[in-house]
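These are the residues of each chain, in order.
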Amino acid sequence: MDTILSHKIDAYRRLFIEKDLIELSQWIDAIESINLEIDYLQLIEKRLIKNSTLSAMLQGFRRKNTLVMASLCKYEQELKREYEYSERTYDVVRAKEHEGRRDLYSNLMIEFKQLRKVIYIALSKYKRS
């Protein structure tokens, strides 16, 4: 009976970790696309807007984006290791760790939306010479 129960617990643990890995993969994909979008926004800033403050904001955000990406990639490796080798149960503490990473991602997305808004406002003031 204990063997069956421990097998079920392990199966649920792996299922939850797999769910976290899928969600994490989506976050990483979104951050990669933000990185590409930053390239285009920097080009727009350089050619049209020509605002050094905005340029610095874009560069600062790119750095933050890279740091969050690195953190999430490290987390992905931890999850993969945990999936294969760990016997740690998936409990509330473990779930809160994942929620912390979700907050990190969500805050980055909010900050990026704010940055885009600043750029769009600057673009709306642009006039051809």
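Residues numbered from 1 in each chain as written. Predicted model: local features only at pLDDT ≥ 70, side-chain atom pairs only at ≥ 80, totals over all residues. Heavy atoms only, no water.

Engineer: Quick one: what's the story with the packing of aromatic side chains, residue by residue and with numbers?
Structural biologist: Under the criterion given, the structure shown has 4 aromatic pairs. Ring centres of Phe16 and Tyr90 lie 5.1 Å apart, and the angle between their planes is 55°; this geometry places the pair in the tilted category. Of this pair, Phe16 sits in helix α1 (residues 2–49) while Tyr90 sits in the loop between α2 (52–85) and α3 (92–124); the two residues are 74 residues apart in sequence, bridging distant segments of the chain. Where Phe61 meets Phe112, the ring centres are 5.3 Å apart and the plane angle is 25°; that geometry is what we call stacked. Of this pair, Phe61 sits in helix α2 while Phe112 sits in helix α3, and the two are 51 residues apart along the sequence. In this pair, the class of Phe61 matches that of Phe112, namely buried. The ring of Tyr83 is capped by Arg14, whose NZ or CZ atom sits 4.9 Å from the centre of that ring. (Phe/Tyr/Trp six-rings, centres within 6.5 Å; stacked < 30°, edge-to-face > 60°. Helix = DSSP H or I, 4+ residues; strand = E, 2+ residues; numbered from the N terminus. Buried < 20%, exposed > 50% of the residue type's maximum accessible area, 1.4 Å probe, protein only. Lys NZ or Arg CZ within 6 Å of the ring centre and 35° of its normal.)

Engineer: Tell me what's going on with the pattern of salt bridges, and back it up with residues and numbers.
Structural biologist: Tallied over the full model, the rule gives 12 salt bridges. Of the charged contacts, one joins Asp10 and Arg14 as a salt bridge, the two residues approaching to 3.1 Å between their closest N and O atoms. Placement of the pair is Asp10 and Arg14 together in helix α1, with a separation of 4 residues, close to one helical turn. Owing to a relative accessible area of 27%, Asp10 belongs among the partly exposed residues under this scheme. With its nearest N and O atoms 3.6 Å apart, the salt bridge here joins Arg94 to Asp20. Of the two residues, Arg94 is situated in helix α3 and Asp20 in helix α1; the sequence distance between them amounts to 74 residues. Taking relative accessible area as the criterion, Asp20 reaches 0% and is therefore assigned buried. Through salt bridges that share partners, Lys19, Asp20, Glu82 and Arg94 make up one connected network. (Salt bridge = Lys/Arg side-chain N within 4 Å of Asp/Glu carboxyl O.)

Everything listed here is a matter of coordinates, which is why it stays silent on function.
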